[in-house]
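# What the coordinates show
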There are 6 protein chains.
Amino acid sequence: MTESFQRADGRELDQLRAVRITRGFTDNPAGSVLVEFGNTRVMCTASVEEGVPRFKRDSGEGWLTAEYAMLPSATHERMPRESMRGKVKGRTHEISRLVGRALRAAVDLSQLGENTIQLDCDVLQADGGTRTASITGAYVALADAIAVLKDRGVVPGEPLLDPVAAISVGIVDGNVCLDLPYEEDSRAEVDLNVVMNASGNFVEIQGTGENGLFGRDELNDMLDVAQKGCFELIEAQKAALGW
Amino acid sequence: MTESFQRADGRELDQLRAVRITRGFTDNPAGSVLVEFGNTRVMCTASVEEGVPRFKRDSGEGWLTAEYAMLPSATHERMPRESMRGKVKGRTHEISRLVGRALRAAVDLSQLGENTIQLDCDVLQADGGTRTASITGAYVALADAIAVLKDRGVVPGEPLLDPVAAISVGIVDGNVCLDLPYEEDSRAEVDLNVVMNASGNFVEIQGTGENGLFGRDELNDMLDVAQKGCFELIEAQKAALGW
Amino acid sequence: MTESFQRADGRELDQLRAVRITRGFTDNPAGSVLVEFGNTRVMCTASVEEGVPRFKRDSGEGWLTAEYAMLPSATHERMPRESMRGKVKGRTHEISRLVGRALRAAVDLSQLGENTIQLDCDVLQADGGTRTASITGAYVALADAIAVLKDRGVVPGEPLLDPVAAISVGIVDGNVCLDLPYEEDSRAEVDLNVVMNASGNFVEIQGTGENGLFGRDELNDMLDVAQKGCFELIEAQKAALGW
Amino acid sequence: MTESFQRADGRELDQLRAVRITRGFTDNPAGSVLVEFGNTRVMCTASVEEGVPRFKRDSGEGWLTAEYAMLPSATHERMPRESMRGKVKGRTHEISRLVGRALRAAVDLSQLGENTIQLDCDVLQADGGTRTASITGAYVALADAIAVLKDRGVVPGEPLLDPVAAISVGIVDGNVCLDLPYEEDSRAEVDLNVVMNASGNFVEIQGTGENGLFGRDELNDMLDVAQKGCFELIEAQKAALGW
Amino acid sequence: MTESFQRADGRELDQLRAVRITRGFTDNPAGSVLVEFGNTRVMCTASVEEGVPRFKRDSGEGWLTAEYAMLPSATHERMPRESMRGKVKGRTHEISRLVGRALRAAVDLSQLGENTIQLDCDVLQADGGTRTASITGAYVALADAIAVLKDRGVVPGEPLLDPVAAISVGIVDGNVCLDLPYEEDSRAEVDLNVVMNASGNFVEIQGTGENGLFGRDELNDMLDVAQKGCFELIEAQKAALGW
Amino acid sequence: MTESFQRADGRELDQLRAVRITRGFTDNPAGSVLVEFGNTRVMCTASVEEGVPRFKRDSGEGWLTAEYAMLPSATHERMPRESMRGKVKGRTHEISRLVGRALRAAVDLSQLGENTIQLDCDVLQADGGTRTASITGAYVALADAIAVLKDRGVVPGEPLLDPVAAISVGIVDGNVCLDLPYEEDSRAEVDLNVVMNASGNFVEIQGTGENGLFGRDELNDMLDVAQKGCFELIEAQKAALGW
């Protein structure tokens, strides 16, 4: 840690922002969660539809897919609405795909029957870490949705696997920092997102040298801190679910 | 009122659902309001951008425009996301235009300077009356945004006009009912939306015989009830604004 | 009526423009009508397709839908072609939906069999009142199309209901004027469109205070004048149909 | 000519359908023409806009461009509206480009000043030959529009060149036929469209062996007949223009 | 030939550029050919899909369709990528349709079974004549694909017809020139594309007076030269196929 | 390494496929490279445009952006063309963004002047590793384009930084394998893409447990093998560039 470095919000380098997970945020979807990482707030819902996409038909398996989006007023400067532009931005596509891959690691599709779970992660307020908050909240919404499916008796097995959570780590002014808010994210030298389960195994890692390269040692330091963060988030998920 | 008619939620025929208006719902827009009409919840924000669209340039006047949208998980059955479809539905367009017209009646564009106010009404949960809740909440977000503009000293005059609010009235099983939830709305014979100010003057009325025609007397009965509803909503707006 | 007010075209305040309804304007659709309200000219066609949209399948009922559009050269200043822009404007969507709702009130879908009637209202020349002319002309095209269906023996019942017609009323310089041409429409304080049947019952009303609010009395004055206009239009429809 | 061949409409092999050219069909565009080749009817308009596209800016020259489209109800079976599909069909693009090229041969862009002429050819009723009728009618609309420009004093020179007209020729059951209606066009072995001026020089030829190849002799026979047709159309254009 | 005229690349007026046809250019499609006309290089592939489009279903016949496109870096100035623009340019549509028509003349669809052959002509480098190179190369890819189909035993008959090839001819500075490179094409007075078989019969001709009209004699001169070019190209096709 | 494991193509676990880098593959772009990793072939071009996007204007810096795409016939089963679908797939967007980020790490934008380098990576044939081949080839195209810029005297400084290369590693049947072809990629348990420079510093890492999670040890094993691959690719880049 560099001598003079202080995080703007006073946190320790390896400290998460305040995490809040509110279940039952809305009533219509099978699972509906508001997840907050500090000022970042994402509404994560899990809806269930009978049937599966064509490439899964007659496989006896289910499917899970995800869409991520920002409300136009979520950011400091309002952004044009993607539906009005008529096309989705690359960043949106990229994060939707990441969320889908991450959560498919938390579900045993062979136990789901030919049902599709559609996750929607809509960012109400953005202050960095929207993709990691989305993944972390979506797991809880997924758990609630699967409980609904089991109650209805449409899934005979146990599709839900162990929790996965996600967090960002970055190098800011030479310091490895956990859970970057927008202010740090926008000037970080390196940005790493990690999706992990409670055993410390990786579902996905994505690291980018936004303003500089990073060495193997720095990667290891970041992974250590990320693991600490993911473990704490998984505790928060379990607490929210009453496990 | 027909003998046996009872509203499912136990309300009187001319009674509003519980109305809640929460200011400061998010931090980034100049105005941000969560408005609730019963289970209908809409996030209404007002963002300010310097400059005006081309058709207003060099007019010395400002502009106000609005976009309405539903989150895909807002409805009982999840709806496809409009950004992914690549086009906006007619219903969405129609309501966006209605909200814009209604709120332009609440602002004196000549006092706004060459600034644009962008309203966003994003429905988090839909249970009927999303367009009227949007208009009612948007006024409060607009008021907050204009206060911000005045604090910044960018508007010399007083652009904010008297409150406008909106409510739906319908004829359900022959009874004139105020503020229809989805269950009533979907089977109403007639559906009327009224946008009104505190003097009982109309900004807009839209009445449709969805499953039947309606006569002049029925229209008058509906307008009486709508006026009662709008006046109560305007009181709620004023209370929320501390006026 | 204000002292000095004179309509540019010399009409009385409650006088329609010259109305012309030409049946059999083109040969291919089952019904094809050119309707003219003064200089406004709309080609209204009704085409019949076997089958119904998904949400009506196996209902035993038919469906009716409408599309409204302006030719790019219909207006004083040429407008970009919507097909080239790749998207339909909100105004176009809004009017298409209005025309569809209005004409569904003129047909008993349960008597139509599982057939779809597609109305197309293409504005050849625009001088105000294009949506009301569209509705008025579309009824005649619909009547012709249903006669064709009955001749072919594909509809056993009688799907055609009583005529509906539509007219605009506005307040211009404080005067309630019937059937506004573009010049009046663009400066009207209030604009009201009324869709009505021969009994004086409403199918739809849409009133907007474009440049000012309007009170209950003004609404009533406008509705009186609108009723006169609609009754005259229904006479014109009947005359065109030889009823 | 094969022994038993009779055209369904009784015409001679080298005879045009009845041609009607109606100027001033609508009032708003600088030039507006209804052209009819038998049952084919196209509304051709020429609108004038100040300025030129980017690639012509500061060239001192003008530009001319064209858009062709079919109304959805123009054909026997109603076709989906291109604006609703969100994209233009290849055939539409192809014909728009052909019309633009053909009419640019009838105007001296260097005499036009930095103005753009926008031609719109909207097919009201289609019975074969819509592209050739479009070109033929568009010349007359162009002539009227240029006269307007000259009256306004915005073009100092004489941009209008000699008339161009277009006609289709085909081989049907082995017979070279002029001006094919839909019934012949759909079963023709060869289809040739010719755009020509009064000196018999070609602006464009497009010949396609739709259901078979064609030799040099057949091409020559078709060109002879096409020339006869174009000369007659140019006479009709001149008569319409009072030249 | 005008006295002083010299082609920039030293060719005779009626001489083709160097033609190279490379079969098996890529491995995945049933047919894959790189065709080069001088510096113009097009990758032509033929892929086979089971089944036919709706309008051919249950006809017992096959179908053939084509798509032409330019890589964004194919031209001297990079062009925007059509997939990113969200729509295909008119020129692209026009050429795709031409290639499809041309190659359908080289296949007997009734002998193909209910299979679809999809041709893709992707221009890697553009120096004029991309559409004629596409057609010429696509025939060879088609021949290879049909051979694959026959080997697999899915086509009982002989769908492949005699070769078709295509070439451009133009009038440059008054001289009829064969196979125009970009430099000549961009300043040609007249541009003619001819698709022809080995008997000298036409599949398609498209001639345009880009910067001037052309008479019957000029057309005949151009057709003579085009025939020479097509015959040579057909020899090159046969040589490539080892016929 | 599991006892019985043999790679289908006989390679060692940590062995690259044959790498070929062909400079000057096409003539028009400033840099044009064909890169081959075994059967994967990508055409990588670098085009230079004056000026920069809006968000970089007046910064004195340049910009670099990238687009990745597959030709429809590149894959075993032909894929629909994205330009015809009217929208770009999420995977395409994701890879385009990755390539852009990776190559921006190889250029000093402050030395580029206000110029934009547009990279295009078009996959001619896909057999796994298309994104890593794209990055590796794009560096060489970038180097050539910058040399052109320097020759033209438009960049005073030295924008080109040290080479970056990219490679995939995966775990297949429990074995860490370098440079996966499609057959291995489609059944890998874990898939990791690494972008690295010659000092072994990371530009980007992306690891996904496609069919299972992965631990820290496995990550380390994969990173070791990836480093070996990247170093060899950087040698190949240098050899191609004659460094």
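Parameters at a glance
- Starting from 1, residues in each chain are numbered consecutively following that chain's sequence as written.
- Going through the entries in the order they are written, you letter the chains from A and number the ligands from 1.
- A pLDDT threshold of at least 70 governs which residues receive local features in this predicted model, and a stricter bar of 80 or more applies before side-chain atom pairs are shown or counted, although totals over entire chains, interfaces and linings include all residues.
- Water and hydrogen atoms were dropped before computing side-chain values, which therefore reflect all heavy atoms in the structure.
- Here, residues are in contact when the closest pair of their heavy atoms is within 4.5 Å.
- Using a 1.4 Å probe, buried area is obtained as the accessible area two parts lose upon being combined, added over both of them.
- Salt-bridge detection follows one rule: a side-chain nitrogen of Lys or Arg within 4 Å of a carboxyl oxygen of Asp or Glu.
- Pairs of N or O atoms within 3.5 Å make up the polar contacts considered here, provided that, within protein, one atom can donate a hydrogen while the other can accept it, and that residues adjacent in sequence are counted only when both atoms are side-chain atoms.
- Strands are runs of DSSP state E lasting at least 2 residues, helices are runs of H or I lasting at least 4, and numbering of each runs from the N terminus.
- Any residue that is not Ala, Val, Leu, Ile, Met, Phe, Trp, Tyr, Cys, Pro, Asp, Glu, Lys or Arg is counted as polar, Gly included; the first ten are nonpolar and the last four charged.
- Any two strands with at least two DSSP-identified bridges between them are counted as paired.
- Here, axes are lines fitted to C-alpha atoms. For helices the fit covers the stretch in contact, and angles between N-to-C directions go from 0 to 180 degrees.
- Any residue under 20% of the maximum accessible area for its type is buried, any over 50% is exposed, and the rest in between are partly exposed; the area is computed with a 1.4 Å probe on protein chains only.
- Only buried Ala, Val, Leu, Ile, Met, Phe, Trp, Tyr and Cys residues count toward a nonpolar core, and they belong to the same one when joined by side-chain atoms within 4.5 Å.
- UniProt positions are given in the numbering used here, feature names are shortened, and annotations may be inferred rather than shown by experiment.

In this section: the interface of chain C and chain D. At the interface, 33 residues of chain C touch 34 residues of chain D. Of the roughly 2,800 Å² buried between chain C and chain D, counting both surfaces, carbon and sulfur atoms make up 48%. In terms of surface lost to chain D, no three residues of chain C exceed Asn28, Arg78 and Arg81 of chain C, which account for 22% of the buried area on that side. Scanning the region where chain C abuts chain D turns up 10 salt bridges. One salt bridge connects Arg78 of chain C with Asp120 of chain D, and the closest N-O pair in it is separated by 2.5 Å. Counting across the chain C and chain D interface gives 18 residue pairs in polar contact (both at pLDDT 80 or more). Sorting the residues of the side of chain C that touches chain D by element identifies strand 3 (40-50), strand 4 (63-70), helix 1 (82-85) and strand 5 (115-125) of chain C as the ones contributing at least two each. Residues of the side of chain C that touches chain D, tallied by class, amount to 11 nonpolar, 13 polar and nine charged.

This part takes up the sheet that holds strand 1 (residues 19-23) of chain A. All names here are of chain A. The strand order 1-2-3-5-4 describes an open sheet built from five strands, whose pairing is mixed. Unpaired on one side and paired on the other, strand 1 and strand 4 (63-70) mark the two borders of the sheet. Averaged over all adjacent pairs, the angle separating strand axes in this sheet is 15 degrees, with direction ignored. Judged from the 10 bridges that link them, strand 3 (residues 40-50) and strand 5 (residues 115-125) form a sheet pairing that is antiparallel. Pairing of Ala46 across the sheet is with Leu119, part of strand 5. Where helix 2 (residues 90-104) meets the sheet, its contacts fall on strand 4 and strand 5, and the angle it forms with strand 4 comes to roughly 145 degrees. Each of strand 1, strand 2 (31-37), strand 3, strand 4 and strand 5 touches helix 3 (residues 130-151); the most contacted strand, strand 3, lies at about 35 degrees to it.

The next subject is the sheet that holds strand 6 (residues 164-172) of chain E. Consider a sheet: its strands pair through backbone hydrogen bonds, and that pairing is either parallel or antiparallel. Pairing within the open sheet is antiparallel, and its eight strands lie in the order 7(D)-6(D)-8(D)-9(D)-9(E)-8(E)-6(E)-7(E). At either end of the open sheet lies a strand with only one pairing partner, and these are strand 7 (175-178) of chain D together with strand 7 (175-178) of chain E. Across this sheet, the average inter-strand angle for adjacent strands is 15 degrees, counted without regard to direction. Running over the sheet, helix 2 (residues 90-104) of chain D touches strand 6 (164-172), strand 8 (190-197) and strand 9 (202-208) of chain D together with strand 9 (202-208) of chain E and is turned about 150 degrees from strand 9 of chain D. Strand contacts of helix 5 (residues 216-241) of chain D: strand 6, strand 7, strand 8 and strand 9 of chain D together with strand 9 of chain E, with the helix running at about 140 degrees to strand 6 of chain D, the strand carrying the most contacts.

Among the secondary structure elements, Asn201 of chain F is positioned in the loop between strand 8 (190-197) and strand 9 (202-208). The contact partners of Asn201 of chain F, leaving out residues within four places of it in the chain, are Leu213, Phe214 and Gly215 of chain A together with Val195 and Met196 of chain F.

With that settled, consider the side chain of Asn175 of chain C. Residue and element names in this part refer to chain C. Mapped onto the fold, Asn175 is located in strand 7 (residues 175-178). Judged by relative accessible area, Asn175 falls into the buried class, the value being 1%. A distance of 3.0 Å separates a polar atom in the side chain of Asn175 from the backbone oxygen of Asp173.

Time to look at the nonpolar core. Membership of the largest hydrophobic core comes to 437 residues, with the highest contact counts inside it found for Leu103 of chain A, Leu103 of chain B, Leu103 of chain C, Leu103 of chain D, Leu103 of chain E together with Leu103 of chain F. Ignoring anything within four residues of it in the chain, the contact list for Leu103 of chain A reads Leu64, Leu119, Ile135, Ala138, Tyr139, Leu142 and Val164 of chain A.

All names here are of chain A. Per the UniProt entry, the sites bearing "domain: Exoribonuclease phosphorolytic" (unreviewed entry) are residues 15-145 and 162-229 in this numbering. For residues 15-145, helix accounts for 27% and strand for 32%, while the C-alpha atoms at its two ends are 30 Å apart. When the span residues 162-229 is considered, its composition is 26% helix and 41% strand, and the gap between its end C-alpha atoms is 17 Å.

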